[in-house]
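Fold and contact review
One letter stands for each residue in the lines below.
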Amino acid sequence: VGNQLGPGADPMRQGLVKVSLCAGGATNVIFWQRDGHHPGEPIFVPRPGGTSEDDGVLLSPVLDGAAERSYLLVLDAQTMEQLAAVQMPLA
């Protein structure tokens, strides 16, 4: 999982990308993205007692540029679905 902004990309289209390389050569790509929202480096927090390598959550600080506010984004690490967004002071 990482913060993705490739060469020539629109800086307003940043997001978080998860790339899974599976046995047999299959590749699975899942992403989280919001226009005008700029995520920082995500941190993986494993679920206590978890059984798979991505069983847990991802935490990432995100700047909402239009609102001029930051929030802590919580994503399900397996599906990249948003679980919560906790408002933070702008820093």
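Here, every reference points to the structure presented above.
Note that the coordinates shown come from a computational prediction; the quantities given were computed from them, not determined experimentally.

Parameters and conventions
Residues numbered from 1 in each chain as written. Predicted model: local features only at pLDDT ≥ 70, side-chain atom pairs only at ≥ 80, totals over all residues. Heavy atoms only, no water. Salt bridge = Lys/Arg side-chain N within 4 Å of Asp/Glu carboxyl O. Helix = DSSP H or I, 4+ residues; strand = E, 2+ residues; numbered from the N terminus. Buried < 20%, exposed > 50% of the residue type's maximum accessible area, 1.4 Å probe, protein only. Pairing = 2+ DSSP bridges.

**Topic: the pattern of salt bridges**
One pass over the structure, following the stated rule, counts two salt bridges. Lys18 is the salt-bridge partner of Asp54, the closest N and O atoms lying 2.5 Å from each other. One end of the pair, Asp54, is in the loop between strand S5 (43-46) and strand S6 (56-64); the other, Lys18, is in strand S2 (residues 15-21), and 36 residues separate them in sequence. Given the relative accessible area of 7%, Lys18 is considered buried.

**Describing the pairing of strand S7 (residues 69-76)**
Across eight bridges, the pairing between S6 and S7 is antiparallel. The partner of Leu59 across the bridge, within S7, is Val74. Where S6 folds back onto S7 in an antiparallel hairpin, the turn is made up of four residues, including Glu68, whose phi is positive at roughly 55°. Two elements, S7 and strand S8 (residues 82-88), share six bridges in a ladder whose sense is antiparallel. Note that in S8 the partner of Leu75 across the bridge is Gln82.

**Structural notes on the pairing of S6**
Here strand S4 (residues 37-39) pairs with S6 via three bridges, running antiparallel. Residue Pro39 lies in a different strand from S6, and its bridge partner there is Val62. Sheet analysis places S5 next to S6, joined by four bridges and oriented antiparallel. Directly across from Phe44, in S6, lies its bridge partner Leu58.

Functional significance is not addressed by these values, which are geometric in nature.
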